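As a plain string of letters, each chain reads:
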Amino acid sequence: MDKIDRRLLNLLQDDASRTNAKLAGLVGLSPSSCLRRIRRLKKSGVISRVVALLAPAKAGRGLKAIVAVELERHGEQYMRDFLELAAQEPAVTQAYSVSGETDVVLMLRLTDMEEFDALCERLFRDRSNVARYHTMFVIRTAKEVTAIPL
């Protein structure tokens, strides 16, 4: 990956709706050269997908929560089972297996507290292997970006 690739990637992370011709002009390439580079970056997996970023509140999911989960039983299969269960939940936007006292961190985008309560019933109660969980509701966001620094 060279300087032009990094410039293209930064431009795409900022606004992927730009036309190929516009991108080519911004990096000083012909449109065909620019398109070849972008295709190569996609094929190599550097660009994993192109998506639209929504305003959560305007999309009806204004409540954001971060949940730290401690599992009762440990081991790769227990972790995998819980992560698969969490990944099936529409409100779970990110799920991470982490190091330290916490086993899993979940990021949630919710419509309301009723949805959160129902999710808790499904994920954290009964036979879910969860020893305890701690929920933090986001009051204010200082920074939330999707771009990866290059």
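Our structure's up above, just so we're on the same page.
Residues numbered from 1 in each chain as written. Predicted model: local features only at pLDDT ≥ 70, side-chain atom pairs only at ≥ 80, totals over all residues. Heavy atoms only, no water.

1. Some thoughts on the nonpolar core
Part 1 of the argument: Membership of the largest hydrophobic core comes to 19 residues, with the highest contact counts inside it found for Val69, Phe82, Leu106, Leu108 and Phe124.
Part 2 of the argument: Elements with a contribution of two residues or more to this core: β1 (63–71), α4 (76–87), β3 (104–110) and α5 (113–124).
Part 3 of the argument: Each residue touching Phe124, except ones within four places of it in the same chain, is listed here: Val67, Val69, Phe82, Leu106, Leu119, Val130 and Tyr133.
Part 4 of the argument: Grouped together as the second largest cluster of nonpolar side chains are 11 residues, Leu8, Leu11, Val27 and Cys34 included. (Core = buried A, V, L, I, M, F, W, Y, C linked by side-chain atoms within 4.5 Å. Buried < 20%, exposed > 50% of the residue type's maximum accessible area, 1.4 Å probe, protein only. Helix = DSSP H or I, 4+ residues; strand = E, 2+ residues; numbered from the N terminus. Contact = heavy atoms within 4.5 Å.)

2. What about the side chain of Asn129?
Part 1 of the argument: Position of Asn129 relative to the elements: it lies in the loop between α5 and β4 (130–137).
Part 2 of the argument: The exposure class of Asn129 is buried, given its relative accessible area of 8%.
Part 3 of the argument: Among the polar contacts listed, one links the side chain of Asn129 to the backbone nitrogen of Arg73, at a separation of 2.8 Å.
Part 4 of the argument: Setting aside residues no more than four positions away along its own chain, Asn129 makes contact with Glu70, Leu71, Glu72, Arg73 and Tyr78. (Polar contact = N/O pair within 3.5 Å; in protein donor to acceptor, adjacent residues only side chain to side chain.)

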